[in-house]
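# Residue-level structure breakdown
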Amino acid sequence: MPSPSGNEAKMPPVATRFAPSPTGELHIGGARTALFNWLYARRLGGKFILRIEDTDRERSTREFVQAILDSMSWLGLSWDEGPYYQTERMDLYRREAERLLARGKAYRCICTPEELDRRREEMKARKEKPRYDGRCRNLPPEAAEGKPYVVRFKTPAEGQTVVRDLLRGDVTFENGELDDLVLLRSEGTPTYNFVVVVDDAAMGITHVLRGDDHLNNTPKQLLIYEALGYPPPRFGHFPLIHGMEGGKMSKRDAETSVMKYRDMGYLPEAVVNYLARLGWGHGDQEIFSLEDLQGLFSLEHVNLSPSRFDINKLLHLNAHYMKEADPERLALLLIPYLKPHGIEASPSPRLVRIVQTLQERARTLVEMADAAVYYFREKETDPKAAAKFLTPEIAPVLEEIADAFSALPEFSSAATEAALSEVVARRGGTLKIHQPIRVALTGGTASPGLYDVMEILGREEVVRRISSAAKRIRRG
RNA sequence: GUCCCCAUCGUCUAGUCCGGCCAAGGACACCGCCCUUUCACGGCGGCGACGCCGGUUCAAAUCCGGCUGGGGACGCCA
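A brief structural summary. (Residues numbered from 1 in each chain as written. Chains lettered and ligands numbered in written order. Predicted model: local features only at pLDDT ≥ 70, side-chain atom pairs only at ≥ 80, totals over all residues. Heavy atoms only, no water.)

When helices and strands are tallied, chain A shows 20 helices and 12 strands. Against the 2.2 N^0.38 benchmark of 23 Å for 476 residues, chain A shows a C-alpha radius of gyration of 32 Å, more extended than a compact globule. Counting all 476 residues of chain A, 49% fall into the buried class. Within chain A, contacts between residues separated by at least 24 positions form 75% of all contacts whose residues are at least 6 apart in sequence. Accessible surface, chain A: about 23600 Å² in total, of which carbon and sulfur atoms supply 50%. For chain A, the separation between the mean place of its 66 positive charges and that of its 68 negative charges on side chains is 2 Å. (Helix = DSSP H or I, 4+ residues; strand = E, 2+ residues; numbered from the N terminus. Rg over C-alpha atoms; globule rule 2.2 N^0.38 Å. Buried < 20%, exposed > 50% of the residue type's maximum accessible area, 1.4 Å probe, protein only. Contact = heavy atoms within 4.5 Å. Areas by Shrake-Rupley, 256 points an atom, 1.4 Å probe, with all protein chains shown as cover. Lys, Arg positive; Asp, Glu negative; His and termini not counted. Charge placed at Lys NZ, Arg CZ, Asp CG, Glu CD.)

Quick look at the structure:
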């Protein structure tokens, strides 16, 4: 219970943000960052802001912006404000840079990129930490006239900056280790460490939750906050997601784009569940809906060590959600995955029935589509299956069964099962007939329950496929 | 090279803050068995970890130090 004079009472409502740069599709690691920020805001009744960091004009594209927005929506991560685009806020950044220049907190630097590169290489060769040597710090203002220049931050040479990390506690940096970083490029566009501060301050961000790779940037940003005279937000850095081989997750390990997982037939709830459990836990619980997560997520339970992306566990979770999912919804979702097989399906009760037979057998929508093909057209028979089950002595039995099915008053799974036992009984009761029929019907040895398959296929098609299998056997 | 972070089964994790309930629990994967018209699902069981060394303590996975190992950052990228 917060006292009237306590900090709690004055705490502004929580605001988090996700600030991707549209230089690629939404990365699986970025998606987790977005998820954690979204959850944190939701949990505390705050707002979640989306900001597109497109100041790198060379590499940012409209298409990537759209892909990121689509990925967020697919995952169910809605934003309360934005998307803001940094390229639309250039005036603000230039104004703030001017302010720093006027107060002597920043300076113009006329070193060329080539020169800088050269010096960096030299420093590396000398085994020093590569950094700007500050040679333009005290240049008279006229020196920059008529020349291209960048605006650099005047990092204090002395003292320490401590980052009070929400997850790791205090992390202390020597200011002397920090660089005079570039604030404005020679074309006048701002760089990351500068815009992020200006925007987070302007947007009232209270909590910056981001990947570990930004921990080293934080002291620089803190110093910029101070120079600008804005109160800094709280920071929390969680570990990166690694590939199975260790190291930043790359395409070598697994697909890194969220959209690709959708394309590979994963359900968004499985991806969300998996991402949440990667670096976070809640006792022994494994299954979490987005709604569960909103109520349970907390920074205290975020792990500090990097976790590896394990596609097997994602697959397992997806299989779980495939089983849980409403068959009508799955039927709708399945349609596009049928297209590559040349199947143009449309929503129907039959499609729902098909999905129901496949739900506990398919781990992804792609697997489900693969397994569903024989429901739509006769598949080529697997030669091994044919050799084993479509033997000459089985041909007359198949013919007998086809006849029995044709004579049935109604073609239900109960009826076909009864008819089949009758045939088997007539032949001595030890006949193994299921696999031959399965091969005749589906082209392979694995399928849902035979009677269900037959009911869905319908009498005409069942009789046709069984007879044609018998004919093929007789022809040799 | 310099700075920073991290360290429980192969992987994700519970336990670590407030040392004893932990001869370390769950999940994935893997291996067996059961169920079964096939394949799956499911059920049961197995395999499997506190990186190392020292310290504090009656007692350490839990606290402290060192070592080792892993990772990240050092751009006119974000």
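The final tally for this structure, using the stated rule, is 33 salt bridges. With a shortest N-O distance of 2.7 Å, Glu115 and Arg119 are connected by a salt bridge. Of the two residues, Glu115 and Arg119 are both situated in helix α5 (residues 113-125); the distance of 4 residues between them amounts to about one turn of the helix. Overall, Arg119 belongs to the buried group, its relative accessible area being 6%. One salt bridge in this structure joins Glu461 and Arg465, with 2.7 Å as the shortest N-O distance. In this pair, Glu461 and Arg465 both sit in helix α20 (residues 459-475), 4 residues apart, roughly one turn of the helix. For Arg465, a relative accessible area of 1% translates into the label buried. Within the structure, one salt-bridge network assembled from shared partners comprises Arg17, Arg51, Glu53, Arg89, Asp199 and Asp200. (Salt bridge = Lys/Arg side-chain N within 4 Å of Asp/Glu carboxyl O.)

Moving on, we get to the protein's contact with RNA strand B. Of all residues adjacent to RNA strand B, which total 68 residues, the nearest are Lys127, Arg168, Arg185, Gly279 and Arg361. Per the 4 Å cut-off to the protein, sugar and phosphate atoms form 71% of the nearby atoms of RNA strand B. Contact distances for RNA strand B include 3.4 Å between a base nitrogen and a side-chain N or O atom of Asn217. One nitrogen or oxygen atom from the main chain of Arg277 is found 2.9 Å from a sugar or linking oxygen belonging to RNA strand B. Looking at the surface near RNA strand B, the elements that each hand over two or more residues are α5, β5 (150-153), β7 (169-174), α6 (192-202), β12 (307-308), α11 (311-324), α18 (434-442) and α19 (450-457). Top contributing element to the surface near RNA strand B by residue count: α11, with 4 residues. (Near = heavy atom within 4 Å. Polar contact = N/O pair within 3.5 Å; in protein donor to acceptor, adjacent residues only side chain to side chain.)

What follows deals with the packing of aromatic side chains. The final tally for this structure, using the stated rule, is 9 aromatic pairs. Judged by centre distance (5.3 Å) and plane angle (85 degrees), the rings of Tyr274 and Phe309 are edge-to-face. With Tyr274 in helix α9 (residues 268-277) and Phe309 in the loop between β12 and α11, this pair connects stretches of sequence that are 35 residues apart. Phe309 matches Tyr274 in its accessibility class, with the two residues each being buried. When the ring of Tyr374 is compared with that of Tyr375, the centres are 4.9 Å apart and the planes differ by 45 degrees; the resulting orientation is tilted. The pair formed by Tyr374 and Tyr375 is uniform in burial state, with each residue classed as buried. (Phe/Tyr/Trp six-rings, centres within 6.5 Å; stacked < 30°, edge-to-face > 60°.)

Relative to each other, α6 and helix α7 (residues 218-228) sit at 55 degrees, their axes nearing to 10 Å. If you check the angle between α6 and α7, you find them oblique. At the point where α6 passes α7, the crossing takes the right-handed sense. Between α6, through Tyr192, Asn193, Phe194, Val196, Val197, Val198, Asp200 and Ala201, and α7, the contact on the second element is made entirely by Gln221, Ile224, Tyr225 and Leu228. (Axes fitted to C-alpha atoms, helices over the stretch in contact; angles between N-to-C directions. Parallel < 35°, antiparallel > 145°, perpendicular 65-115°, else oblique. Left-handed = near helix turned anticlockwise from the far one by under 90°.)

Here we take up unusual backbone geometry. Each neighbour pair has its own omega, and for Gly82 with Pro83 the value is 5 degrees, a cis peptide bond. Among the secondary structure elements, Pro83 is positioned in strand β3 (residues 81-85).

The next subject is helix α12 (residues 327-338). A rise of 1.5 Å per residue sets the reference length of α12, with its 12 residues, at 16 Å; its end C-alpha atoms lie 16 Å apart and thus fit the reference within 8%. Listed as buried for α12 are Pro327, Leu330, Ala331, Leu334, Ile335, Tyr337 and Leu338. Axial view of α12: buried residues confined to an arc of 165 degrees, hence all on one face. Against the buried residues of α12 lie α8 (258-263), α11, α13 (349-358) and α14 (365-376). (Expected span 1.5 Å × (residues − 1). Arc of directions from axis to C-beta.)

This part takes up the sheet that holds strand β2 (residues 47-52). The 3 strands lie next to each other as β1-β2-β3, forming an open sheet whose pairing is parallel. Only two strands of the sheet have a single neighbouring strand rather than two, namely β1 (15-18) and β3. Taken over all neighbouring pairs, the strand axes of this sheet differ in orientation by 25 degrees on average, direction set aside. Where β1 meets β2, 4 bridges bridge the pair, whose relative direction is parallel. Bridged to Phe18 within β2 is Leu50. Running at roughly 165 degrees to β1, helix α2 (residues 28-43) makes contact with β1 and β2 of the sheet. (Pairing = 2+ DSSP bridges.)

Strand order across the open sheet formed by 3 strands is β4-β5-β8, with antiparallel pairing between neighbours. One side of each edge strand has no neighbouring strand; the edge strands of this open sheet are β4 (106-109) and β8 (182-184). Geometrically, the sheet is characterised by an average inter-axis angle of 45 degrees between neighbouring strands, direction not taken into account. In the sheet, β5 pairs with β8 via 2 bridges, with the strands oriented antiparallel. Residue pairing across strands places Arg152 opposite Val182, the latter belonging to β8.

A few words on the pairing of strand β10 (residues 234-238). β10 sits mainly inside the fold: 4 of its 5 residues count as buried. Judged from the 5 bridges that link them, strand β9 (residues 207-211) and β10 form a sheet pairing that is parallel. Directly across from Leu209, in β10, lies its bridge partner Gly236. Assessed by its sense of winding, the connection that carries the chain from β9 through α7 to β10 is right-handed. (Right-handed = clockwise from strand over helix to strand, strands pointing away.)

Function-wise, these values are silent; they only describe arrangement.
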